[in-house]
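Residue strings, one per chain:
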Amino acid sequence: MLETNIKPSCLKPEIQAITYAGSGDFVHLYMQPPAWGYRPGQFVMVRPGEWGNDPVWPRPFSICEKTSDSLRLFIQVVGRGTSLISRLQPGSTLDMWGPLGNGFSFDPDVPLLILAGGMGIAPFIGLCKRHPHPGRINFLFGHRMGIECYPFAELPQKVNKTHLNQQTAGDIVSFQKVLEKRIRDFSGRGRILACGPSPFLKVVRKYSIESGADTWISLENRMACGVGACLGCVTGTTTGEYLQTCTHGPVFRADEVVFEEDDRLLSAKPHL
Amino acid sequence: MLETNIKPSCLKPEIQAITYAGSGDFVHLYMQPPAWGYRPGQFVMVRPGEWGNDPVWPRPFSICEKTSDSLRLFIQVVGRGTSLISRLQPGSTLDMWGPLGNGFSFDPDVPLLILAGGMGIAPFIGLCKRHPHPGRINFLFGHRMGIECYPFAELPQKVNKTHLNQQTAGDIVSFQKVLEKRIRDFSGRGRILACGPSPFLKVVRKYSIESGADTWISLENRMACGVGACLGCVTGTTTGEYLQTCTHGPVFRADEVVFEEDDRLLSAKPHL
Amino acid sequence: MDLGVTLGALRLKNPIMTASGTFGYGLEFTSYGRLEELGAIVVKGLSLQPRKGNPMPRIAETPCGMLNAIGLQNIGVEKFLQEKLPRLPWKETPVVVNLYAQKAEEFADLAAVLGSEPGVGALEVNISCPNVRQGGLQFGQNPDAAVRVVEMVKKNAGQKPVIVKLSPNVADIKVIAGAVESAGADIISLINTIGGMAVDIRTRKPCLANAFGGLSGPAIKPVALKMVYEVCSTVKIPVIGLGGITSARDILEFILVGASAVQIGTATFTRPDKVFTLVNELRELVTQLEIEDWARFRGSLET
Amino acid sequence: MDLGVTLGALRLKNPIMTASGTFGYGLEFTSYGRLEELGAIVVKGLSLQPRKGNPMPRIAETPCGMLNAIGLQNIGVEKFLQEKLPRLPWKETPVVVNLYAQKAEEFADLAAVLGSEPGVGALEVNISCPNVRQGGLQFGQNPDAAVRVVEMVKKNAGQKPVIVKLSPNVADIKVIAGAVESAGADIISLINTIGGMAVDIRTRKPCLANAFGGLSGPAIKPVALKMVYEVCSTVKIPVIGLGGITSARDILEFILVGASAVQIGTATFTRPDKVFTLVNELRELVTQLEIEDWARFRGSLET
Ligand SMILES: Cc1cc2nc3c(=O)[nH]c(=O)nc-3n(C[C@H](O)[C@H](O)[C@H](O)COP(=O)(O)OP(=O)(O)OC[C@H]3O[C@@H](n4cnc5c(N)ncnc54)[C@H](O)[C@@H]3O)c2cc1C
Ligand SMILES: Cc1cc2nc3c(=O)[nH]c(=O)nc-3n(C[C@H](O)[C@H](O)[C@H](O)COP(=O)(O)OP(=O)(O)OC[C@H]3O[C@@H](n4cnc5c(N)ncnc54)[C@H](O)[C@@H]3O)c2cc1C
Ligand SMILES: Cc1cc2nc3c(=O)[nH]c(=O)nc-3n(C[C@H](O)[C@H](O)[C@H](O)COP(=O)(O)O)c2cc1C
Ligand SMILES: Cc1cc2nc3c(=O)[nH]c(=O)nc-3n(C[C@H](O)[C@H](O)[C@H](O)COP(=O)(O)O)c2cc1C
Ligand code: FES
Ligand code: FES
């Protein structure tokens, strides 16, 4: 699973296709494939050429999958930027740089428990498809929209997968119970990888620390540069530092990061 | 020729079609037709919904033609706004208000000499097509790009028309000579209507004043509101006032307006 | 919820006012909406005598904003009172007259003319225009000069509420806000435009004949929001917030930091019925967010 | 044409510098371009001791711009000199160290540490950070305090050119520019960010943990251009212009109003190779406009 050619570059790929799943808010964006390889959990920064001066920032997206034909992102429309992206036309170009961040690291021979919340499924599509032993993967997926919105069905047959719909407050409580049980049961048997909205990651982190599980979580902090320069995306760590999520992460050991009291970032987060 | 229902309104028409003539820089934009009538020389302000916060201003365009099927604008790409407009897709919507300004007024029974420079042809397409006696129209058209870029061939057969290509400095000089001769010859025989870039209008104005011709020119000042409120589009008049081009114009008697020494507006004007 | 707000003696049926200079004399917009539905109409800055304004070009587009240097072209206060005001629905919607003068005494004279006009709902004293050589910033950047103007206007304005419009072109907005409050201002409005410039590298000339202009539009919203917040934390009188507002969300942002009402300026150029549609959008958003009354929402920002 | 410019003792192979805080320590960008091709590299603001910076969130997007309140997180000057500077191509491209301190004495100490470092091309004294409680604007808004800092830095900086970076959050930029020139500044750079704020109407909290932040990006270009023009008309020392630059055209606009060089800040976030590609774009535009030398083009604006 270790890629050797992971030198990031800044490209101007053309959009090959845009498809929608379940609703117009769930977008699969296919672009000309870059020359680089990547590690699942790494991401790219994307900024369509036509944005001109507004919005100023690019938007970070996990690399969902890369084949010899294309690079694919899986994007949910949650605000202005993603809404503009969802209306792009094939043939138009993007500014794109990556692969960025550290990505998930794991031993393919060791069992994996993957915990994905909503759009947190994106990096695991490529991961599971490329995994040499998909039978060693346990996959728990929590989602709020209909399952047809997510590429859940694409996960290899052999992956041991469950999905849980969360519509009501009751659903969320029972999902958290399932999460707790799975984490406790799995602790000591392999590595746990988690990606999803911050409230979800907070819960995963809590149970992981309590049960001493070897859990790695991928953060979705707001980002401006993606390359470690602006210090806008930092996360607090247990050593009392602020580390750039874009370069030191987005994947951190669950017990290494601190979620600040301040939950402004989370409050408006619509995707799970 | 007098329209009765000219009450402006603010609409959100859908784009029906975009076609290009001669080059991708010459755009015919067809929209759902508004309920109002208009007078040739009137214009609309247009701002695509997707512009968000940037660019801030709408863009003014002469009403090229209105049929029961559609409202049509003829637009040359000269900068950021027109470039964005040229890439709009059918089905997307625009904020549009109009009809604005005074438009050309003339007696259909009196001969007309129309002088159009470049995109200044736009308002005259509808005018000539609706004119009850096109045989009474003399049409002189100066253009810099190939004639296939302009809807010149659409002018009714009976219109007595000439076009002159201006590629070189020499062409411009000889075009100005033709202009002078035509204006002098026509003076006293009817009304002259002119539309085009400011350097062209300056020349038309000069010869018209010299020969005492009854000439009306349509100005293309930069506009923000289009409704007389911002005072950003004013033109100096011989009475020493500043009048809003968008409401008191865009059509003025040639001897009524003053072109300010300051030619900042003109300098960057690419369209003739 | 009732959208109405009260700013001292000034009662508005909703917090949405037009911003001076972007809504003409109001009558330009009758084709696009019902003036009666607005919170208030603020008209173009008026001076004692008509003014011709600055030479052209007067406006330039900038990223998410614009520069203007109109130079306060206006028909003069008399002509306004005779020809425009009677045609405005001032009984239903307060008409606020924005005042411009070059000397404190002239401001006082304007106030005297307007103070007894039944159709005038309030005076807005513009001590913040960056586009005129005299009488703009010299008051807005100088607390003592500002105090003098405000005191003189107050003396002549009769019962009319006096709004003082502040300039953002200062190091600390709280100082001038405190000064005009102590001088007797009934209401503060801010911000006016921020000084700016645009140039053309081909002609090597400024894009505006006046060289400098005032920056407005969405670009300046963060600056406006901060200053409105600071002023609201400083003064006790009601504050009208403006600068780059384009949406109902923007309006609530200004109220959240403490404004009692807002003004819509450059956004009017994006669509002439903008200010009218905002009234409905605001009503919907307030319902959606379950805001129950302005008093509890206003200034409820947690810091 | 040779794009090289000379700012007193500072020679750049082209006028394009990076802006402090938007280019990290430079090394973050080696995958995206050759640092050797830049006019100069200005690194993140450094203090004597490492700083943790402000709590999160620290950044917010705004129309055509952004707010930041990083709070000068940095690794401290010593670590920079040991771990970063040796890996930068300082022989080919001057490395400018941006200084932050809370007291004039600390600025002097920083200058003493850096003054004898061969790898340091110039010092940029940041007296304009709006995001820290102490040591930012208290110098940048107060000519006397600014003069004191500049004099103390100059005393310790040896032969290194001292750039003083000004804040736009003042009533009259010419006053502070004149003061720092008279205090011995070799070069002035401006503008730093404009104070601003963003709030979230749902959570009713500021979007930044620090409540206030600094506004940067295209939104502020007109403000920057005006202030650079004003400073260039006031002082005799070279001026570095910045604020919202995203294109070669923007660069020429700043040079047209008098700047000798420019810095690229927020635009770097739109594409990490931006500053590198701008060098080529500038070369092309200069050729297209038939600009023959900087000396004749610089400050040639006709007003
Ligand atoms: C490493 C990483 C990987 C990600 N992978 C995916 C993915 O595969 N698919 C996907 O749909 N989304 C992904 N996201 C989230 C995605 O970047 C945001 O949803 C997107 O930037 C929102 O942009 P917007 O303009 O539509 O929203 P905005 O209108 O800007 O804001 C809407 C909401 O999104 C949050 N947000 C805004 N910008 C960012 C940002 N730059 N980073 C994080 N949150 C932001 C805001 O706080 C707000 O709550 C990822 C984020 C990170 C950091
Ligand atoms: C009453 C009127 C009728 C017009 N009719 C037509 C028409 O039928 N077809 C057509 O192609 N063009 C017409 N124009 C001109 C058209 O409005 C401008 O070409 C357009 O606004 C340029 O927008 P931009 O963003 O592409 O250019 P920018 O990038 O903004 O600027 C490019 C050039 O256009 C000039 N310009 C910019 N904005 C305006 C503006 N609002 N008004 C005038 N000039 C401007 C600038 O000074 C600059 O020289 C008309 C203008 C007016 C005032
Ligand atoms: C074209 C124009 C003309 C203006 N004229 C005036 C004026 O006469 N008096 C005044 O107090 N403010 C005037 N202003 C400032 C606005 O009222 C407002 O303070 C500023 O534009 C910021 O708000 P906005 O961003 O919503 O436009 C003018 C602004 C513009 C754009
Ligand atoms: C994220 C960020 C961090 C910054 N950090 C610093 C800093 O450490 N020191 C400094 O002098 N300026 C700092 N600035 C200000 C920039 O150097 C620059 O003055 C400002 O952003 C305006 O330029 P721009 O519009 O091109 O970004 C920072 C700006 C941003 C956006
Ligand atoms: S996004 Fe800039 S440091 Fe991470
Ligand atoms: S464009 Fe606003 S007054 Fe004419």
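Everything numeric here is computed off the predicted structure, so don't read it as measured data.

**Q** Any chance you could explain the interface of chain C and chain D here in plain terms?
**A** Much of the literature gives interface size as the accessible area that the parts lose upon coming together. Contact with chain C, which involves 47 residues of that partner, is made by 46 residues of chain D. Counting the surface lost from both chain C and chain D, the interface buries some 3,800 Å², and carbon and sulfur atoms represent 73% of this. Of all residues in chain C, the largest losses of buried area upon contact with chain D belong to M197, I201 and R204 of chain C, amounting jointly to 20% of the total for that side. The interface formed by chain C and chain D holds zero salt bridges in total. For the pair chain C and chain D, the number of links is eight residue pairs in polar contact (both at pLDDT 80 or more). Of all the secondary-structure elements, those providing two or more residues to the side of chain C that touches chain D are strand 11 (194-197), strand 12 (199-200), strand 13 (205-206), strand 14 (212-216), helix 6 (221-232), helix 7 (248-256), helix 8 (274-288) and helix 9 (294-297) of chain C. Sorting elements by how many residues they give to the side of chain C that touches chain D places helix 6 of chain C first, with six residues.

**Q** Explain the site of ligand 1 here, please?
**A** All names here are of chain A. Neighbouring ligand 1 are 23 residues, the closest being R59, P60, F74, G81 and T82. In this structure, an oxygen atom belonging to ligand 1 sits 2.9 Å away from a main-chain N or O atom of Q76. One nitrogen or oxygen atom from the main chain of R80 is found 3.3 Å from an oxygen atom belonging to ligand 1. Burial of ligand 1 by the surrounding chains reaches 91%, relative to a free accessible area of 840 Å². By residue number, the principal contributor to the shell around ligand 1 is strand 5 (residues 59-62), which donates four residues. Looking at the shell around ligand 1 residue by residue, the class counts come to eleven nonpolar, seven polar and five charged.

**Q** Where do I start with the packing of aromatic side chains in this structure?
**A** Each pair of aromatic rings is reported with the distance of its centres and the angle of its planes. Within the structure shown, the criterion is met by 29 aromatic pairs over all chains. Ring centres of F212 of chain C and Y229 of chain D lie 5.8 Å apart, and the angle between their planes is 80°; on these two criteria the pair is classed as edge-to-face. Residue F212 of chain C is located in strand 14, and its partner Y229 of chain D is located in helix 6 (residues 221-232); the two belong to separate chains. According to the relative accessible area criterion, F212 of chain C is partly exposed, its value standing at 22%. For Y229 of chain D, a relative accessible area of 18% translates into the label buried. Through a chain of ring-to-ring contacts, the aromatic side chains of F26, F74, F104, F124, F139, F141, Y150 and F152 of chain A assemble into a single cluster. It is R58 of chain C that lies over the ring of Y242 of chain B; its NZ or CZ is 4.7 Å from the centre. Above the face of the F212 of chain D ring, K226 of chain C is positioned so that its terminal group lies 4.9 Å from the ring centre.

**Q** I keep staring at the sheet that holds strand 14 (residues 234-237) of chain A and nothing clicks. Help me out?
**A** Either a parallel or an antiparallel arrangement is found when strands of a sheet pair, and the pairing is made through backbone hydrogen bonds. Taken together, the three strands give an open sheet; going across it, the order is 15-14-17 (chain A), and neighbouring strands pair in antiparallel fashion. Of all strands in the sheet, those bounded by a partner on one side alone are strand 15 (242-244) and strand 17 (257-258) of chain A.

**Q** Just checking my understanding: could you explain the relation of the copies chain C and chain D for this structure?
**A** Comparison of the two chain copies shows a relationship of rotation about an axis with a shift along it. Screw-axis analysis of chain C against chain D gives a translation of 0.0 Å along the axis, an RMSD of 0.0 Å, and a rotation angle of 180°. The superposition operator between the copies reduces to a two-fold rotation axis. Looking at chain C, 98% of its interface residues are interface residues in chain D too, so the copies touch through the same face.

**Q** Teacher, can you tell me more about the sheet that holds strand 5 (residues 59-62) of chain B here?
**A** Residue and element names in this part refer to chain B. Spatially, 1-8-4-5 is the arrangement adopted by the four strands of the open sheet, whose pairing is antiparallel. The strands lining the two open edges of the sheet, one partner per strand, are strand 1 (9-11) and strand 5. Averaged over neighbouring strand pairs, the angle between their axes works out to 25° when direction is ignored. In this structure, strand 4 (residues 43-48) lies alongside strand 5, joined through four bridges in antiparallel fashion. Among the inter-strand pairings, M45 is bridged to a residue of strand 5, identified as P60.

**Q** How should I be thinking about the domain arrangement of chain A in this particular structure?
**A** Residues and elements named next belong to chain A. Entries for chain A in the domain assignment read domain 1 (9-100), domain 2 (104-220) and domain 3 (221-272). Taking the mean C-alpha position of each, domain 2 and domain 3 sit 20 Å from one another. On the domain 3 side, the residues contacting the 23 residues of domain 2 number 19 residues. When the two sides are added together, the surface that domain 2 and domain 3 hide from each other amounts to roughly 2,000 Å², 66% of it contributed by carbon and sulfur. Considering only the surface of domain 2 that becomes buried against domain 3, R205, L219 and E220 emerge as the three largest contributors, covering 33% of it. If you look at where domain 2 meets domain 3, you find zero salt bridges.

Rules and cut-offs
Residues numbered from 1 in each chain as written. Chains lettered and ligands numbered in written order. Predicted model: local features only at pLDDT ≥ 70, side-chain atom pairs only at ≥ 80, totals over all residues. Heavy atoms only, no water. Contact = heavy atoms within 4.5 Å. Buried area = accessible area lost by both parts, 1.4 Å probe. Salt bridge = Lys/Arg side-chain N within 4 Å of Asp/Glu carboxyl O. Polar contact = N/O pair within 3.5 Å; in protein donor to acceptor, adjacent residues only side chain to side chain. Helix = DSSP H or I, 4+ residues; strand = E, 2+ residues; numbered from the N terminus. Near = heavy atom within 4 Å. Areas by Shrake-Rupley, 256 points an atom, 1.4 Å probe, with all protein chains shown as cover. Nonpolar A, V, L, I, M, F, W, Y, C, P; charged D, E, K, R; others polar. Phe/Tyr/Trp six-rings, centres within 6.5 Å; stacked < 30°, edge-to-face > 60°. Buried < 20%, exposed > 50% of the residue type's maximum accessible area, 1.4 Å probe, protein only. Lys NZ or Arg CZ within 6 Å of the ring centre and 35° of its normal. Pairing = 2+ DSSP bridges. Least-squares fit on C-alpha atoms with pLDDT ≥ 70 in both. Axes fitted to C-alpha atoms, helices over the stretch in contact; angles between N-to-C directions. Domains from an automatic or database assignment.

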